[in-house]
Amino acid sequence: MSILIRFLLASSLLLGASGSANAACEGDAHRQFDFWLGEWEVHTPEGKLAGVNRISREYDGCVLHERYTGASGYTGESLNIFDAARQVWHQTWVDSGGTLLLLEGGLQDGAMVLGGRGRNAKGVDVEHRITWTPNADGSVRQHWQARETDGEWKTVFDGRYTRKPAD
């Protein structure tokens, strides 16, 4: 059997009876984070522009891909997916500072809350919690908190996302 025929056969088995790759990512749970989709300006609580962020749906609607550019030139991106097998949202964040965050969680009282553990540059264990809250005016608040072994949560970043004006 040729390699192409084997590939097509394997692909059709992976796609299931529907024949559509995105059928795997349809349903309410896969749309819980859609409030974050779009082109955004991100401001600090004092109103200063922190950066711009673009969140798009990719890979047949299965992945939310974030691309952030800070006002200072800092950049980062994340891939976000609902893991249906475990019923949990997962985010992998990487940035120009060498940070890797692996976060998991889900929708809590209308807000997306993801958390995970890592180590800071000093080698100290740190727990992270990031909450995205959609607001009635269409904006989104992102509140990133972290705590070391002392157990006290501290704000790492607090940003307000507003839709980027059309060019």
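In case you missed it, the structure is sitting above this.
Just so we're clear, the structure is a prediction, and the values are computed from it rather than from any experiment.

## Notes on the nonpolar core
Point 1. Counting 22 residues, the largest nonpolar core has F33, W36 and W132 as its most contacted members.
Point 2. In contact with W36, other than residues within four places in its own chain, are N53, I55, E66, S78, N80, Q91, W132, V140 and Y161.

## A word on the packing of aromatic side chains
Point 1. What the rule picks out here adds up to nine aromatic pairs.
Point 2. Here the aromatic rings of F33 and F35 are separated by 5.6 Å at their centres, their planes lie at 55°, and the arrangement is tilted. There is no split in this pair, since F33 and F35 are both buried.
Point 3. Geometrically, the ring pair formed by W36 and W132 is tilted, given 5.3 Å between the ring centres and 55° between the ring planes. One end of the pair, W36, is in the loop between α1 (3-15) and β1 (38-43); the other, W132, is in strand β8 (residues 125-134), and 96 residues separate them in sequence. Both residues of the pair, W36 and W132, belong to the buried class.

## Some points on unusual backbone geometry
Point 1. The phi dihedral of D60 falls on the positive side, at around 55°, and the residue is not glycine.
Point 2. Position of D60 relative to the elements: it lies in the loop between β2 (49-58) and β3 (63-70).
Point 3. Although it is not a glycine, D109 sits at a positive phi angle of roughly 50°.
Point 4. Looking at where D109 falls in the secondary structure, it is placed in the loop between β6 (100-108) and β7 (111-119).

## Quick word on the side chain of S78
Point 1. By the secondary structure assignment, S78 is in strand β4 (residues 75-83).
Point 2. Owing to a relative accessible area of 1%, S78 belongs among the buried residues under this scheme.
Point 3. Among the polar contacts made by the side chain of S78, one reaches the side chain of E66 at a distance of 2.6 Å.
Point 4. At 2.9 Å, the side chain of S78 and the side chain of N80 are in polar contact.
Point 5. Setting aside residues no more than four positions away along its own chain, S78 makes contact with W36, L64, H65, E66, Q91, T92 and W93.

Quick notes on the rules
Residues numbered from 1 in each chain as written. Predicted model: local features only at pLDDT ≥ 70, side-chain atom pairs only at ≥ 80, totals over all residues. Heavy atoms only, no water. Core = buried A, V, L, I, M, F, W, Y, C linked by side-chain atoms within 4.5 Å. Buried < 20%, exposed > 50% of the residue type's maximum accessible area, 1.4 Å probe, protein only. Contact = heavy atoms within 4.5 Å. Phe/Tyr/Trp six-rings, centres within 6.5 Å; stacked < 30°, edge-to-face > 60°. Helix = DSSP H or I, 4+ residues; strand = E, 2+ residues; numbered from the N terminus. Polar contact = N/O pair within 3.5 Å; in protein donor to acceptor, adjacent residues only side chain to side chain.

Keep in mind these values describe shape, not function.
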